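Tertiary structure, described
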Amino acid sequence: MSLSTRKANSGSLSSGENPSRPPPNSLPPKFLTHTVGRLERWECRNGFCDTSGYGGGKRELWFKCFLGISTEHSPRGLANGRLESAFGYWFILKNDEPVICLDTDSRLYKLGGEVHDLMASYGRHKRVWPVIVETALELLP
């Protein structure tokens, strides 16, 4: 018996909950492990360079590459103001150049200004690979 079936039978799930829909902040790491983990010479870096006081900060040049990123937007998990909003963005680099950006609200940004809602795509497909194919096929070898 699956966990969701056991919870449903025990009454711990309300009738409106969907146990197969992940929270938005869980999709970017899955996206990254399914793309970066299968490619050579690629890196994933956070939007904030935290060097313990040795000249770090927001990676402004990377952010400027993506026209779709709003300067006013702060991912929901960071909106409390305790962290710099750049911590909510992850950049996939090829040969030290950014090619896509993901935020912790499950949005994918492309260099040409396109923005994709990964949760909407995941809701249609229910699997990570079709989301990658729909949003970032050009990254695959």
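Coordinates for the structure precede this section.
A brief look at the structure comes next.

Reading guide: rules and limits
- Residues numbered from 1 in each chain as written.
- Predicted model: local features only at pLDDT ≥ 70, side-chain atom pairs only at ≥ 80, totals over all residues.
- Heavy atoms only, no water.
- Core = buried A, V, L, I, M, F, W, Y, C linked by side-chain atoms within 4.5 Å.
- Buried < 20%, exposed > 50% of the residue type's maximum accessible area, 1.4 Å probe, protein only.
- Helix = DSSP H or I, 4+ residues; strand = E, 2+ residues; numbered from the N terminus.
- Salt bridge = Lys/Arg side-chain N within 4 Å of Asp/Glu carboxyl O.
- Pairing = 2+ DSSP bridges.
- Axes fitted to C-alpha atoms, helices over the stretch in contact; angles between N-to-C directions.
- Contact = heavy atoms within 4.5 Å.

**Concerning the nonpolar core**
Leu27, Ile92, Leu108, Leu118 and Leu139 are the most contacted members of the largest nonpolar core, which totals 15 residues. For this core, the elements supplying multiple residues, two or more each, are β5 (97-103), α4 (118-125) and α5 (128-136). The element that contributes the greatest number of residues to this core is α5, accounting for 4 residues. One finds Trp62, Phe63, Ile69 and Phe91 within the second-largest nonpolar core, a separate group that totals 11 residues.

**With respect to the pattern of salt bridges**
Counted by the stated rule, this structure contains 5 salt bridges. Note that Lys110 is salt-bridged to Glu138, the shortest N-O span being 3.1 Å. In this pair, Lys110 is assigned in strand β6 (residues 107-110) and Glu138 in the segment after α5, connecting sequence segments 28 residues apart. For Glu138, a relative accessible area of 51% corresponds to the exposed category. Of the charged contacts in the structure, one is a salt bridge between Glu134 and Arg124, with a shortest N-O distance of 2.4 Å.

**Here we look at the sheet that holds strand β1 (residues 42-46)**
Strand order in this open sheet of 5 strands is β1-β4-β5-β6-β7, and the pairing throughout is antiparallel. On the outer flanks of this sheet lie β1 and β7 (115-117), each paired with one strand and no other. Pairwise comparison of adjacent strand axes, ignoring direction, gives a mean angle of 25° for this sheet. With 5 bridges joining them, β1 and strand β4 (residues 89-94) adopt antiparallel strand pairing. The partner of Arg45 across the bridge, within β4, is Phe91. Each of β5, β6 and β7 touches α4; the most contacted strand, β7, lies at about 45° to it.

**Considerations on the environment of Leu102**
Inspection of the secondary structure assignment puts Leu102 in strand β5. As a C-alpha pair, Leu102 and Pro28 span 74 residues in sequence and 6.4 Å in three-dimensional space.

**Structural notes on the pairing of β6**
As defined by bridge partners, β5 adjoins β6 across 3 bridges and the pair is classed as antiparallel. Each residue of the ladder has a partner; that of Ile100, found in β6, is Lys110. Hairpin geometry of β5 and β6 is characterised by an intervening segment of 3 residues between the two adjacent antiparallel strands and by a positive phi of about 70° at Ser106. Relative to β7, β6 runs antiparallel, the two sharing 3 bridges. Bridge pairing in β7 links Arg107 to Asp117. The antiparallel hairpin formed by β6 and β7 contains 4 residues in its connecting segment, where Gly113 sits at a positive phi of about 100°.

**Considering unusual backbone geometry**
Generally, phi is negative for residues other than glycine and the peptide bonds are trans, each holding for most cases. Notably, Asn95 is not glycine yet its phi reads approximately 50°, a positive angle. Within the secondary structure, Asn95 is located in the loop between β4 and β5. Within the chain, Lys126 stands out as a residue other than glycine whose phi angle is a positive 65°. You can see Lys126 is positioned in the loop between α4 and α5. Look at Lys126 and you get partly exposed, because its relative accessible area is 47%.

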